[in-house]
Amino acid sequence: MNYYSDSMNRLIEELASLPGIGPKSAGRLAFHILDLPEERVKRLADSLVNARSQTRLCKECFNLSDEDVCSICGNPKRDHKLIMVVEEPSDLVAYEKTGQYNGVYHVLHGAVNPMNGVRPENLKLKELLTRLAKEDVEEVIVATNSTVEGEATALWISKYVKQAGIRVTRIASGVPVGGALEYVDEMTLYRALEGRTEL
């Protein structure tokens, strides 16, 4: 039985389809949105549409950006000889929050997971190898998550980066096994970065 109007039900359904939002949370969010002034709701709607239409992938590192090259890759003060490979843009943000890393990044947009049909060719791994062939890189830091998929991805990267004659390291295990980087505190991430080991 529908207790709400069709438009309210559609809003709840759309909100509930977002990751981490269940039906109850979606209902609370929907009522909160209805209580907002109309101008604020329009700003929220505009920000969603603009983010979707204007956000693109940096052509160098594949981070999210409003420009062809993101602000990190475009910063001449960053150490472009040091590349940290992460699974998702949220992992990059987690390391940036430490304020301790001055290199650049490469975002894979996932991890190797054959069980779910995610193979190396489905990620930005070929682009990483192309980048390493044309840039003067001294070290690649593999900062994939401490999961089975993250470890498999790290081994794949290590194999091909070593063949290119570039030093490859792995963040230390201060990051809990099975943990996602975006949920790890800044100090633990910093210690993991400082304690990285050769792969």
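Residues numbered from 1 in each chain as written. Predicted model: local features only at pLDDT ≥ 70, side-chain atom pairs only at ≥ 80, totals over all residues. Heavy atoms only, no water.

## Some words on the overall build of the protein
Now for step 1: In terms of regular secondary structure, the protein is built from 7 helices and 7 strands.
Now for step 2: Listing every helix and strand of the protein by position from the N terminus yields α-α-α-β-β-β-α-β-α-β-α-β-α-β.
Now for step 3: Split into buried and exposed, the 199 residues of the protein put 38% on the buried side.
Now for step 4: Carbon and sulfur atoms make up 52% of the accessible area of the protein, which amounts to about 12000 Å² in all. (Helix = DSSP H or I, 4+ residues; strand = E, 2+ residues; numbered from the N terminus. Buried < 20%, exposed > 50% of the residue type's maximum accessible area, 1.4 Å probe, protein only. Areas by Shrake-Rupley, 256 points an atom, 1.4 Å probe, with all protein chains shown as cover.)

## Topic: a nonpolar patch on the surface
Now for step 1: A contiguous nonpolar patch, built from Y3, Y4, F31 and L34 and spanning about 480 Å² of accessible area, is present on the exposed surface.
Now for step 2: Looking at the element boundaries, L34 is found in helix α2 (residues 23-35).
Now for step 3: Residue L34 is classed as exposed on the basis of its relative accessible area of 55%. (Patch = residues over 30% accessible without salt bridge, like charges linked within 9 Å, V, L, I, M, F, W, Y side chains within 5 Å. Salt bridge = Lys/Arg side-chain N within 4 Å of Asp/Glu carboxyl O.)

## Description of the packing of helix α1 (residues 6-16) against α2
Now for step 1: Running from N to C, α1 and α2 point in directions that differ by 125 degrees, and their axes come no closer than 8 Å. Comparing the axis directions of α1 and α2 gives the class oblique. α2 is crossed by α1, and the crossing has right-handed handedness. Here M8, L11, I12, L15 and A16 of α1 lie close against α2, whose contacting residues are P23, A26, G27, L29, A30, F31, I33 and L34.
Now for step 2: The residue makeup of the contact of α1 with α2, split by class, is 12 nonpolar, 1 polar and no charged. (Axes fitted to C-alpha atoms, helices over the stretch in contact; angles between N-to-C directions. Parallel < 35°, antiparallel > 145°, perpendicular 65-115°, else oblique. Left-handed = near helix turned anticlockwise from the far one by under 90°. Contact = heavy atoms within 4.5 Å. Nonpolar A, V, L, I, M, F, W, Y, C, P; charged D, E, K, R; others polar.)

## Quick word on the packing of aromatic side chains
Where two aromatic rings form a pair, the distance of their centres and the angle of their planes describe that pair.
Now for step 1: Under the defined criterion, the tally for this structure stands at 2 aromatic pairs.
Now for step 2: With a centroid separation of 4.5 Å and an interplanar angle of 40 degrees, the aromatic rings of W156 and Y160 are classed as tilted. Of this pair, W156 and Y160 both sit in helix α6 (residues 148-163), separated by 4 residues, roughly a single helical turn.
Now for step 3: The class for W156 is partly exposed, based on a relative accessible area of 22%. (Phe/Tyr/Trp six-rings, centres within 6.5 Å; stacked < 30°, edge-to-face > 60°.)

## Let's talk about the packing of helix α5 (residues 125-134) against α6
Now for step 1: α6 packs onto α5 with a crossing angle of 25 degrees between their chain directions and a minimal axis gap of 11 Å. Compared by their axis directions, α5 and α6 come out roughly parallel. Here α5 and α6 pass one another in a crossing that is right-handed. Residues L125, L128, L129 and L132 of α5 touch α6, and the partners they reach there are W156, I157, Y160 and V161.
Now for step 2: Counted by class, the contact of α5 with α6 contains 8 nonpolar, no polar and no charged residues.

## Regarding the confidence of the model for the protein
Now for step 1: Taken as a whole, the protein shows an average pLDDT of 87; of its residues, 87% reach a score of 70 or greater.
Now for step 2: For the protein, the element scoring lowest by mean pLDDT is helix α7 (residues 186-194), at 66; strand β4 (residues 103-107) scores highest, at 97. (pLDDT = per-residue confidence, 0-100.)

## A closer look at unusual backbone geometry
Now for step 1: Here F62, not a glycine, exhibits a phi torsion of approximately 70 degrees, which is positive.
Now for step 2: By the element assignment, F62 lies in the loop between β1 (56-57) and β2 (64-65).
Now for step 3: For H109, which is not glycine, the phi dihedral falls at a positive 65 degrees.
Now for step 4: One can find H109 in the loop between β4 and α5.

## Considerations on the nonpolar core
Side chains that are nonpolar tend, in soluble globular proteins, to be buried together.
Now for step 1: Formed by 34 residues in total, the largest nonpolar core has its most connected members in M84, Y105, L132, V140 and I157.
Now for step 2: No other element matches strand β3 (residues 79-86), which puts 5 residues into this core.
Now for step 3: Residues contacting I157, with those up to four places away along its chain left out, are V85, L108, L125, L128 and V142. (Core = buried A, V, L, I, M, F, W, Y, C linked by side-chain atoms within 4.5 Å.)

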